[in-house]
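So the chains spell out like this:
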Amino acid sequence: MKAAAVALSLALLLVMAALPVAAPGSSAAAEPSAERVYELVDTISAWYRYLDTPGHHAAEAFIAETMEGYGLEVYRQEFTVNQGGQQLDAVNVVGYYEGKDPNTWLVLGGHYDATISSDSGAYDNAVGTATVLELARYFTQEVEVQPEVSLVFGAWDSEEEGGQGSQLFVESAGGNATVLANLNFDMFGLSYPIPNRASLSPLCDEDYFKLYLYTSPVEDFSGYADYEYDNQTRANFSMLREALEQVAYDDLVLPSEWVLAIDDTETNSDQRSFIRAGIPAIWFRGMHEYAWEEGDACEQTFKPFSTDRLESLELIAGSHANLLAGFQTGLDIASGLVTELAYGDPAAPVASEDGNGVARTVLALLVIAVAVAGVAVLARWRQGRQASP
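Residues numbered from 1 in each chain as written. Predicted model: local features only at pLDDT ≥ 70, side-chain atom pairs only at ≥ 80, totals over all residues. Heavy atoms only, no water.

### A look at the pattern of salt bridges
With the rule as written, the count across this model stands at 8 salt bridges. In this structure, Arg 76 and Glu 60 form a salt bridge, with 2.8 Å as the shortest nitrogen-oxygen distance. Remark: Glu 60 occurs in helix 3 (residues 54-69) and Arg 76 occurs in strand 1 (residues 73-83); sequence separation between them is 16 residues. Note on Arg 76: relative accessible area 38%, which makes it partly exposed. Using a relative accessible area of 11% as the deciding quantity, one classes Glu 60 as buried. Beyond isolated ion pairs, a larger network of salt bridges with shared partners links Glu 134, Arg 137 and Glu 142. (Salt bridge = Lys/Arg side-chain N within 4 Å of Asp/Glu carboxyl O. Helix = DSSP H or I, 4+ residues; strand = E, 2+ residues; numbered from the N terminus. Buried < 20%, exposed > 50% of the residue type's maximum accessible area, 1.4 Å probe, protein only.)

Have a look at this one:
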């Protein structure tokens with residue numbers, strides 16, 4: 001029996017030694033880091049980022065430098081915004097990571113500009129910009145497999161003035177590539193699994209902050225009533241929703257009560273630029289954006305005010321660890337979706353021809369080892385039978 005156990009252990013070691021490099025999204029790969037998102041928010045929110053201010057330009061330079069440090073091909077889209085009769089300079093910062101198909105793009109984006117009244121803009125929207133940068137780091141530095149499609153990481157400008165930066169990107173991309181989908185990050189992190197302390201009030205019965213995943217509409221098109229979509233576009237919208245539900249509910253087993261995949265009827269962030277153009281999109285958004293909205297006693301924040309600071313996020317979350325947990329939920333969903341959409345099914349990675357050959361060889365060795373072990377066990381059993389009276 002000992003010989004059989006050794007043979008089986010050896011075969012298993014051979015199998016483990018010949019396993020291919022972990023596919024993106026597998027447990028063997030490092031995951032995107034909520035702590036890095038926090039550190040990036042801390043850096044970006046230190047600048048006052050209203051259009052065409054020194055802090056705004058400093059943030060733009062930092063984003064571009066960070067993307068370049070990850071090896072992305074970085075380009076800028078410059079445009080002007082008319083604000084009260086004054087022409088203000090604005091810049092999209094876009095990082096390109098080429099996949100096997102250079103002309104099909106999966107776009108991850110979040111705006112980096114802030115309102116004129118916000119001296120920090122941590123939640124709106126340093127969080128979104130930091131998330132884009134961390135996902136760029138993860139897929140360029142941690143994942144060694146080239147994606148099937150190209151990944152585009154966008155830091156949009158002038159979202160607060162009507163989404164002009166993302167609109168410019170969509171218009172310019174139309175003649176250059178097919179945009180597969182867009183993931184938009186804007187005001188998220190104060191979301192599941194952070195406990196909702198407002199539930200201590202009799203006016204609120206929600207135990208956790210929610211993560212809203214507003215998708216290109218599948219059933220309720222009221223937010224896009226002025227736009228017509230053909231059957232293929234509607235089918236594309238449905239396919240993205242299905243991929244999202246697969247990742248969030250089946251793969252990550254997140255509760256649908258607190259992580260909601262719902263039709264986008266809000267239309268007040270950069271995903272609308274993509275959806276209006278018929279491109280499937282998802283907006284990752286946390287607790288409600290306005291303070292004490294009528295009829296909503298569960299979710300309050302400070303988005304329009306100067307108190308939109310990182311310290312305030314931690315205070316509302318209850319702790320640093322809670323805030324990181326809220327970030328991590330969104331990161332896990334986003335990285336799972338990118339893996340699904342850009343790399344294929346992580347449960348069944350496509351191996352190279354050499355990899356397939358090794359796998360077949362190891363499988364053959366395993367079969368032989370098990371057979372040898374079986375013969376040894378059978379021989380010992382027969383010897384025992386012959387020695388019996």
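### Description of a negative patch on the surface
Taken together, the side chains of Glu 35, Glu 39, Asp 42 and Glu 311 define an acidic patch exposed on the protein surface. Per element, the largest residue contribution to the negative patch is 3 residues, and it comes from helix 2 (residues 34-44). As for its position among the elements, Glu 35 is in helix 2. Looking at Glu 35, the relative accessible area reads 31%, which means it is partly exposed. (Patch = residues over 30% accessible without salt bridge, like charges linked within 9 Å, V, L, I, M, F, W, Y side chains within 5 Å. Areas by Shrake-Rupley, 256 points an atom, 1.4 Å probe, with all protein chains shown as cover. Lys, Arg positive; Asp, Glu negative; His and termini not counted. Charge placed at Lys NZ, Arg CZ, Asp CG, Glu CD.)

### Focus: the packing of aromatic side chains
If you walk through the whole model with that rule in mind, you get 17 aromatic pairs. With 5.8 Å between their ring centres and 55° between their planes, Trp 47 and Phe 62 make a pair best called tilted. Highlighted residues: Trp 47 in the loop between helix 2 and helix 3 and Phe 62 in helix 3, separated in sequence by 15 residues. Relative to Phe 139, the ring of Tyr 138 has its centre 4.8 Å away and its plane inclined at 80°; by these criteria the two rings are edge-to-face. By the burial criterion, Tyr 138 is buried, and Phe 139 matches it. Through a chain of ring-to-ring contacts, the aromatic side chains of Tyr 96, Trp 105, Trp 156, Phe 169 and Phe 274 assemble into a single cluster. Here the basic side chain of Arg 234 rests over the ring of Phe 221, its NZ or CZ set 4.2 Å away from the ring centre. The positively charged end of Arg 285 is found above the aromatic ring belonging to Trp 283, 5.7 Å away from the centroid. (Phe/Tyr/Trp six-rings, centres within 6.5 Å; stacked < 30°, edge-to-face > 60°. Lys NZ or Arg CZ within 6 Å of the ring centre and 35° of its normal.)

### Topic: the side chain of Asn 184
Residue placement: Asn 184 occurs in strand 5 (residues 178-185). Within the structure, the side chain of Asn 184 is placed 2.9 Å from the side chain of Ser 269, a separation counted as a polar contact. (Polar contact = N/O pair within 3.5 Å; in protein donor to acceptor, adjacent residues only side chain to side chain.)

### Concerning helix 6 (residues 231-251)
Between its first and last C-alpha, helix 6 extends 28 Å over 21 residues, near the 30 Å set by a 1.5 Å rise per residue. Residues of helix 6 that are buried: Thr 233, Phe 237, Leu 240, Arg 241, Ala 243, Leu 244, Val 247 and Ala 248. Where helix 6 is buried, its residues contact strand 5, strand 6 (211-215), strand 7 (259-263), helix 7 (271-276), strand 8 (281-285) and helix 9 (320-343). The opening residue of helix 6, the one whose side-chain oxygen lies 3.3 Å from the backbone nitrogen of Gln 232, is Asp 230. At the C-terminal side of helix 6, Val 253 shows a positive phi close to 55°. (Expected span 1.5 Å × (residues − 1). Contact = heavy atoms within 4.5 Å.)

Geometry only, nothing functional implied.
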